[in-house]
Amino acid sequence: MRAHEAGALHGDIGSRGPAWLRTPVDVNALVPELWPRNVARAADGALTVAGRSVRDLAAEFGTPVYVLDEDDLRSRCRDFRAAFPTEDVYYAGKAFLCRAVVRMIAEEGLHLDVCSGGELATALAAGMPPERIGFHGNNKSVAELSRALDAGVGRIIVDSFQEIDRLTALARERGVRPRVLVRVTVGVEAHTHEFIATAHEDQKFGFSLAGGAAIAAALRILDEDVLELRGLHSHIGSQIFDASGFEVSARRVLALQAQIRDARGVELPELDLGGGFGIAYTTQDDPATPADLAKRLRKIVDGECAAERLAVPHLSIEPGRAIVGPAVFTLYEVGTVKDVDGIRTYVSVDGGMSDNIRTALYDASYSATVASRASVAEPMLARVVGKHCESGDIVVKDEFLPADVQPGDLVAVPGTGAYCRSMASNYNHVPRPPVVAVRDGQARLIVRRETEEDLLALDVG
């Protein structure tokens, strides 16, 4: 069911919860697949991450706070690097980007995708080699393209005929030959939420394959011979668990590659199949491992290339959520607990839709646990909500928490590394939370908490 724009009061009513959510035998137990790899529950009942108690983190950094398990993130980078040793793995910076994360993924051998001038500035400020940066975006400005050319980014994924013209003019002025890929919309709608399925035809990204725009774009670039056309790019959506969408996408993109070869005698050397690989937010999710993804994608590409009599191009992929999503949890403090006429118990925390808009925006599901202690109370089906002036301000729609949950408890929500801090807002003039990285028992601030002074500094009226 989609979230109603008027909020939860207009959604489903009842206390049973979704069919997939089971009453836990032990309300204190953690489902390992949902949590960073170095999270555990200590003897005193409090969660620890890489040896640090969440109670200590809350005391030092306040709540809400995004907590990043640095070794978890690095290990996921290494998992993708090991699974795709001859391919290029581009971390999708839109999932979450800051200078510390740029340095982590660079040190682990990954490339980086950016999709705005601000993300490019962050990448360059952190020292990411520009040749390992790819630049996405459906409406890159002249200033953004100029900066990308001047920095020497490794590739630009072109998204419109206007962009081809802009980039061609800028490249001529500078006497440079930037490498580009053409983003193709292949008409594959991933099995995901409508708003994050990006490859069907009725959307803003890329060149339509069915309408002929994709081949026209590729031939224009080849004929003008100013930009270096390296290959084609496809992205079919987000939070994808079924590889069949990639199979259809690869078949259609490689068929286009064969058309380009037949029209101009050129076999493009690269292919980017995008990202969107799913993660486990709740027990209903069953993501593939990087090794399994690599095996499936290689089989798909090899088979389609053989069918089209094409040399196998150099492959690249773009995981973002799959790397940073599971490596982070958000830590909140409970402020009020309210039973509403036996219909539902609302557990209100000191954050909400300003630090995680995904539940309201995508009807996303999350898990949660009381993190500051263990409990012997019975499980109680609850809804974790925020402090904002909005009935749809929901963090976790349905979760079993101990029936004795009370003000002052800490609640942790796993899987919040992707599209939470990066999509955070100042709704109700609430400052955005900090990001704290923990490694080997040591915690360090990598993005500080916003203050009221920060908010007022922008208000020049």
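For the structure, see preceding data.
The model shown is predicted, which means the values in this text are computed figures rather than measured ones.

## Overview of the overall build of the protein
Here's step 1: Looking only at helices and strands, the protein features twelve helices and 21 strands.
Here's step 2: Relative to the 2.2 N^0.38 estimate, which gives 23 Å for 461 residues, the radius of gyration of the protein is 23 Å and therefore close to what a compact globule would have.
Here's step 3: Oriented by its inertia axes, the alpha-carbon framework of the protein measures out at about 70 × 50 × 45 Å.
Here's step 4: Burial analysis of the protein (461 residues in total) assigns 57% to the buried set.
Here's step 5: The long-range fraction of contacts in the protein, counting pairs at least 24 apart against all pairs at least 6 apart in sequence, stands at 71%.
Here's step 6: By element, 50% of the accessible surface of the protein is carried by carbon and sulfur atoms, the whole surface being about 19000 Å².

## Things to note about the packing of helix H2 (residues 70-83) against helix H3 (residues 99-107)
Here's step 1: Axis separation between H2 and H3 bottoms out at 9 Å; the angle between their running directions is 40°. Between H2 and H3, the angle is such that the two are oblique. Our pair here, H2 against H3, has a crossing hand that is right-handed. Contact residues: H2 offers Glu 70, Leu 73, Arg 74 and Cys 77, while H3 offers Met 104, Ile 105 and Glu 107.
Here's step 2: Classifying every residue of the contact of H2 with H3 by side-chain character gives four nonpolar, no polar and three charged.

## Observations concerning helix H5 (residues 142-151)
Here's step 1: Taken together, the buried positions of H5 are Leu 145, Ser 146, Ala 148 and Leu 149. Projection of H5 onto a plane perpendicular to its axis shows the buried side chains occupying an angular sector of 160°, all on one side. Facing away from the buried side of H5, by more than 90 degrees, are the exposed residues Ala 143 and Asp 150.
Here's step 2: Buried residues in H5 make contact with helix H4 (117-125), strand E7 (133-135), strand E8 (155-158) and helix H6 (161-174).
Here's step 3: Directly beyond the C-terminal end of H5, a positive phi value near 80° is found at Gly 152.

## Points about the packing of aromatic side chains
Here's step 1: Per the stated rule, a full pass over the model turns up six aromatic pairs.
Here's step 2: An aromatic cluster is defined as three or more aromatic residues linked by ring pairs; in this entry it consists of Phe 80, Phe 84, Phe 246 and Phe 277.
Here's step 3: One residue, Lys 140, lies across the ring of Phe 135, its end atom 5.9 Å from the ring centre.
Here's step 4: The ring of Tyr 90 has Arg 155 lying over it, and the distance from NZ or CZ to the ring centre is 3.9 Å.

## Things to note about the packing of H6 against helix H7 (residues 213-224)
Here's step 1: Between H6 and H7, the shortest axis-to-axis distance is 11 Å and the interhelical angle comes to 15°. Considering the angle they form, H6 stands roughly parallel to H7. Crossing angle aside, the handedness with which H6 passes H7 is right-handed. Here H6 contributes Phe 161, Ile 164, Asp 165, Thr 168 and Arg 172 to the contact with H7, which in turn contributes Ala 213, Ala 216, Ala 217, Arg 220, Ile 221 and Glu 224.
Here's step 2: Here the residues of the contact of H6 with H7 are counted per class, giving six nonpolar, one polar and four charged.

## Comments concerning the pairing of strand E21 (residues 442-447)
Here's step 1: As paired elements, strand E20 (residues 435-439) and E21 share five bridges and run antiparallel to each other. By the bridge assignment, Arg 439 is partnered in E21 with Gln 442.
Here's step 2: What sits between E20 and E21 in their antiparallel hairpin is a turn of two residues, with Asp 440 showing a positive phi close to 50°.

## Observations concerning unusual backbone geometry
Here's step 1: With omega at -10°, the peptide bond leading from Thr 63 into Pro 64 counts as cis.
Here's step 2: Locating Pro 64 in the fold gives a position in the loop between helix H1 (54-61) and strand E4 (65-69).

## Describing the environment of Trp 20
Here's step 1: Here Trp 20 is to be found in the segment before strand E1 (39-41).
Here's step 2: Residues Trp 20 and Thr 283 lie 263 residues apart in sequence; the distance between their C-alpha atoms is 7.7 Å.

## What to know about the sheet that holds strand E2 (residues 47-49)
Think of a sheet as strands paired side by side through backbone hydrogen bonds, with each pair either parallel or antiparallel.
Here's step 1: Ordered in space as E1-E2-E3, the three strands form an open sheet in which the pairing is antiparallel. Strand pairing shows two members of the sheet lacking a second neighbour, E1 and strand E3 (52-53), which therefore form its edges.
Here's step 2: Pairing analysis gives two bridges linking E2 to E3, with the strands arranged antiparallel. For Val 49, the partnering residue across the bridge sits in E3 and is Arg 52.

## Let's talk about H2
Here's step 1: Taking 1.5 Å per residue, 14 residues should reach 20 Å; H2 reaches 20 Å between its end C-alpha atoms and fits that length.
Here's step 2: In terms of burial, H2 is largely enclosed, as ten of its 14 residues are buried.
Here's step 3: Burial in H2 covers these residues: Glu 70, Asp 72, Leu 73, Arg 74, Ser 75, Arg 76, Cys 77, Phe 80, Arg 81 and Ala 83.

Basis of the calculations
Residues numbered from 1 in each chain as written. Predicted model: local features only at pLDDT ≥ 70, side-chain atom pairs only at ≥ 80, totals over all residues. Heavy atoms only, no water. Helix = DSSP H or I, 4+ residues; strand = E, 2+ residues; numbered from the N terminus. Rg over C-alpha atoms; globule rule 2.2 N^0.38 Å. Buried < 20%, exposed > 50% of the residue type's maximum accessible area, 1.4 Å probe, protein only. Contact = heavy atoms within 4.5 Å. Areas by Shrake-Rupley, 256 points an atom, 1.4 Å probe, with all protein chains shown as cover. Axes fitted to C-alpha atoms, helices over the stretch in contact; angles between N-to-C directions. Parallel < 35°, antiparallel > 145°, perpendicular 65-115°, else oblique. Left-handed = near helix turned anticlockwise from the far one by under 90°. Nonpolar A, V, L, I, M, F, W, Y, C, P; charged D, E, K, R; others polar. Arc of directions from axis to C-beta. Phe/Tyr/Trp six-rings, centres within 6.5 Å; stacked < 30°, edge-to-face > 60°. Lys NZ or Arg CZ within 6 Å of the ring centre and 35° of its normal. Pairing = 2+ DSSP bridges. Expected span 1.5 Å × (residues − 1).

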